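Here is how the chains run, residue by residue.
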Amino acid sequence: MPSDRPRSPRTSGPPVQQITGRLSVHPRGFGFVQPAPPHGTLPGSIFVPPPEMRGLMADDLVSAEVVEGDDGRLSARKVALVERRRVLVYGVAVDRRGRLSLQVDPEIATGEWAFDAGTARIAAGDAVIARVDGERLKVVRKLAAHADRSWHRILARHELNES
């Protein structure tokens, strides 16, 4: 039975170019790399498929191979973190088979991330602010049940102070 979903482009061909650039994240799980100079020969940003987004966050400096799919579109593979500027993230604890992980703001990162709760007692559904420590997150504080989650998510997303 044919699917109405678009097929992802084949990215197994030889690399067109190796690039470095800043990553942007789409809430649906994919992203784009905006190549840094001197990669001016590439047209705009390069698509990053969801499997390549694991462990990466918005504004990360990444390196990647650019490949051309069968449809002629460019996409990235072998995406690797070069530098991370982000310090804090907002997330909500989720329980997967008795194991807690953090669902980070989908405009910052995709998937669920391992976290260290420290001394905070975290349960599924709790909202937290966490410090980025490599590929793990360390809870800085658990938000009160009555806290405005949207406000805290925006503050963390744009790395703004509460005062």
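Here, every reference points to the structure presented above.
This is a predicted model, so every value here is computed, not measured.

### Some remarks on the overall build of the protein
Across its full length, the protein holds one helix and eleven strands. Its helices and strands taken in sequence order, the protein reads β-β-β-β-β-β-β-β-β-β-β-α from the N to the C terminus. When burial is assessed residue by residue, the protein has 39% of its 163 residues classed as buried. Summarising the internal contacts of the protein: among those between residues at least 6 apart in sequence, 52% fall at separations of at least 24.

### Comments concerning a nonpolar patch on the surface
A cluster of nonpolar side chains, namely Val87, Leu88 and Val140, defines an oily patch on the protein surface of about 220 Å² accessible area. With respect to the helices, strands and loops of the structure, Leu88 is situated in strand 6 (residues 88-96). Overall, Leu88 belongs to the partly exposed group, its relative accessible area being 32%.

### Observations concerning unusual backbone geometry
The phi angle at Arg97 is positive, at roughly 55 degrees, despite the residue not being glycine. Note on placement: Arg97 falls in the loop between strand 6 and strand 7 (99-104). Take Arg97: its relative accessible area is 88%, and that puts it in the exposed class. We note that Glu159 has phi near 50 degrees; this positive angle belongs to a residue other than glycine.

### A look at the pairing of strand 6
Each regular strand shows side chains that alternate between the opposite faces of the sheet. Sheet topology note: the strand 6/strand 10 (residues 127-133) ladder contains five bridges and is antiparallel. Across the sheet, residue Gly91 finds its bridge partner in strand 10, namely Val128. Here strand 6 pairs with strand 7 via six bridges, running antiparallel. If you follow Gly91 over to strand 7, its bridge partner there is Val104.

### Some words on the packing of aromatic side chains
By the definition in use, this model includes three aromatic pairs. When the ring of Phe30 is compared with that of Phe32, the centres are 5.8 Å apart and the planes differ by 90 degrees; the resulting orientation is edge-to-face. The exposure class of Phe30 is buried, given its relative accessible area of 15%. For the pair Phe30 and Phe47, a centre-to-centre distance of 5.6 Å together with 40 degrees between the ring planes defines the contact as tilted. Here Phe47 lies in strand 3 (residues 46-48) and Phe30 lies in the loop between strand 1 (15-25) and strand 2 (31-35), a separation of 17 residues in the sequence. Ring pairing ties together the aromatic residues Phe30, Phe32 and Phe47, which thus form one cluster.

Criteria and cut-off values
- Residues numbered from 1 in each chain as written.
- Predicted model: local features only at pLDDT ≥ 70, side-chain atom pairs only at ≥ 80, totals over all residues.
- Heavy atoms only, no water.
- Helix = DSSP H or I, 4+ residues; strand = E, 2+ residues; numbered from the N terminus.
- Buried < 20%, exposed > 50% of the residue type's maximum accessible area, 1.4 Å probe, protein only.
- Contact = heavy atoms within 4.5 Å.
- Patch = residues over 30% accessible without salt bridge, like charges linked within 9 Å, V, L, I, M, F, W, Y side chains within 5 Å.
- Areas by Shrake-Rupley, 256 points an atom, 1.4 Å probe, with all protein chains shown as cover.
- Salt bridge = Lys/Arg side-chain N within 4 Å of Asp/Glu carboxyl O.
- Pairing = 2+ DSSP bridges.
- Phe/Tyr/Trp six-rings, centres within 6.5 Å; stacked < 30°, edge-to-face > 60°.

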